[in-house]
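Each chain is listed here by its residues.
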Amino acid sequence: MTNIHSDKILILDFGAQYTQLIARRIREIGVYCEIWAWDHNPAEIAAFGAKGIILSGGPESTTEHGAPKAPQEVFDSGLPILGICYGMQTMAAQLGGATEAADAREFGHARVDVVAADKLLNGLTDHDSFQALEVWMSHGDHVAKAPPDFTVTAVTDRIPVAAMSNETKRWYGVQFHPEVTHTKQGTTLLKRFVADICGCQTLWTAAHIIDDQIARVREQVGKDHVLLGLSGGVDSSVVAALLHRAIGDQLTCVFVDTGLLRWQEGDQVMATMAEHMGVKVIRVNAAERYFKALEGEADPEAKRKIIGRLFVEIFDEESAKVTAAGSGQVKWLAQGTIYPDVIESAGSKTGKAHVIKSHHNVGGLPEHMKLKLVEPLRELFKDEVRRIGVELGLPREMVYRHPFPGPGLGVRILGEVKPEYAELLARADAIFIEELRKADLYDKVSQAFAVFLPVKSVGVVGDARAYEWVVALRAVETIDFMTAHWAELPYGFLGTVSNRIINEIRGISRVVYDISGKPPATIEWE
Ligand code: XMP
């Protein structure tokens, strides 16, 4: 079988917002890559076996004392190197060039004039009569002087070194960001680096990833039995489909219907996973238990904890039943951990990542169960998970669904959770989503949902005075969910949604639209 990890790229992260995007682009090109912190153990960097190294951008300034540097081993490795933004600046600073702090930041679109040909830029242009690239810039400092043995290959009217290279060493630097789509030739440039300059074969495809994971899972679990907490979300559904393909009936899924799911979601999950795909799924109808446990609790963090704890309890009970029923010895717990979770938890260990809310992800491991973990999506970004989901035969609509928080409607009903609120909210939410799909807006926003506000407002319905609940609509656009803009949905569209909700759902008499950005507001209301 093809070794899809044989040709790979290492990305050293200097803390840029765009680092994961670099990795996603490289993967899209078809090459495996990993992101490690810039101060990662140099011996491991050498042992990793990459065919090339990318130095990412970052928020620091090379002109300041103690600024992060690429380990010397990187330059001694003989491997091709591509420095992007800060990555290029630190190359310049470390290799005998010069950087300087600018008077003003340059942020956004820029035109870069190509002034010398190298393997990265040769013939690349966005114009017919001259060689220039339309790119995306985001920097304060810039390279003032390229290091000795480097050629300046591009300039702009604001900076003297927009790109540089030392072709003998196969070292390249660009001030702009090839990973963002605003840089029109960005993917071509990255492809030239990883395929032509580093010589990587493009083996990283959905079909290969599936074959690779199936083989690994089979080897890992052997004849043992595996349990999976199915949430209805993309990640756990793809894990289920993948494990089902790998080990068939050795997989049992537990799907806890908390009563806090989206409208008819429980039935949909069962229809797709159990009926359509033939996955063994135990459905636990636990709504009453959840509502009882949440009674009287209004604090968001306390609610999250209750929901998380209850999930573990129920999961525990159900797995004991599976074992008791003699479905082989259950030794493994499957989880839908994906690569950004791995990067984030590495970051939180070193204190680099901030935890704003205690995110509870369905599938927490009951301590005493002593199950070993199988995590077949650990290497994958969300877009890769989606692609393999489609390849495995899951419906597109399920695979491309907006993210839904683990605690579900529990954090979208502000304050105390009650079953009647959950019902009203799920129905309002379903109308909003249905209209988004009808208007072809669903895929244009990153996440959209309704929020239940436990306040009553006065309205007139027919001739009567109504005194009923308020629902807020929230829709955001974001790349990484760390920052987000509220989506500028057309007024006419919002009007339609509002009319439908108020007319069709008794108990809601007012609909408002949330126009807060993140930061300072988070995407969810709790
Ligand atoms: P916030 O509200 O922090 O949301 O801006 C960022 C993204 O995370 C999701 N989210 C959660 N996901 N458990 C989850 O699994 C949680 O407790 C949780 N809280 C927020 C949110 O839906 C958005 O996509």
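Quick caveat, the model's predicted, so the values are computed rather than measured. (Residues numbered from 1 in each chain as written. Predicted model: local features only at pLDDT ≥ 70, side-chain atom pairs only at ≥ 80, totals over all residues. Heavy atoms only, no water.)

**Here we look at the UniProt feature "binding site: ATP" (unreviewed entry) in the protein**
This is how it is decided: UniProt positions are given in the numbering used here, feature names are shortened, and annotations may be inferred rather than shown by experiment. The distinction between a cavity and a pocket rests on a 1 Å grid over the protein atoms alone: a 1.4 Å probe fits inside a cavity but cannot get out, while a pocket stays open yet meets protein on both sides within 12 Å along at least five of seven lines, and a residue with an atom within 4 Å of a point counts as lining. Helical segments are the DSSP runs of H or I of at least four residues, strand segments are the runs of E of at least two, and each set is numbered from the N terminus. In protein, a polar contact requires one atom able to donate a hydrogen and another able to accept it; more generally it is a pair of N or O atoms within 3.5 Å, and residues adjacent in sequence count only if both atoms are side-chain atoms. Throughout, a contact is declared for two residues whenever any of their heavy atoms are within 4.5 Å.
Sequence positions flagged by UniProt for "binding site: ATP" (unreviewed entry) are, in local numbering, S231, G232, G233, V234, D235, S236 and S237. The annotated residues that sit in the lining of the second largest pocket are G232. Here S236 shows up in helix α7 (residues 234-247). A polar contact of 3.0 Å, which involves the side chain of S236, links it to the backbone nitrogen of S231. Within the secondary structure, S237 sits in helix α7. Once you skip the residues sitting within four places of it in the chain, S237 turns out to touch L230, G232, M273, L394 and M398. A distance of 2.6 Å separates a polar atom in the side chain of S237 from the backbone oxygen of G233.

**Some details on the side chain of T478**
Within the secondary structure, T478 sits in the loop between β18 (464-477) and β19 (485-486). Among the polar contacts listed, one links the side chain of T478 to the backbone nitrogen of F481, at a separation of 2.7 Å. For T478, the side chain forms a polar contact with the main-chain oxygen of T483, separated by 2.7 Å. The residues touching T478, leaving out its near neighbours within four places in the chain, are S446, T483 and A484.

**What to know about the environment of V74**
This is how it is decided: Exposure classes here rest on a 1.4 Å probe applied to the protein chains alone. A residue is buried below 20% of its type maximum, exposed above 50%, and partly exposed in between.
Of note, V74 is situated in helix α3 (residues 72-76). Using a relative accessible area of 1% as the deciding quantity, one classes V74 as buried. Each C-alpha atom of the pair V74 and I54 lies 9.9 Å from the other, and the pair is 20 residues apart in sequence. Setting aside anything within four residues of it in sequence, one finds V74 in contact with L12, I53 and I81.

**With respect to the pattern of salt bridges**
As a reminder of what qualifies: Between Lys or Arg on one side and Asp or Glu on the other, a salt bridge is scored when a side-chain nitrogen of the former is within 4 Å of a carboxyl oxygen of the latter.
Within the structure shown, the criterion is met by 26 salt bridges. A salt bridge links D257 to R283; the shortest N-O distance between them is 3.0 Å. Highlighted residues: D257 in strand β13 (residues 251-257) and R283 in strand β14 (residues 281-285), separated in sequence by 26 residues. Residue classification places D257 among the buried positions, given a relative accessible area of 13%. We note a salt bridge from E301 to R304, for which the minimum N-O separation is 3.7 Å. A residue pair is termed a helical-turn pair when its members lie 3 or 4 positions apart in one helix, as E301 and R304 do in helix α10 (residues 300-324) at three residues. Accessibility expressed as a relative area gives 28% for E301, which makes it partly exposed. Residue class for R304 comes out buried when judged on its relative accessible area of 5%.

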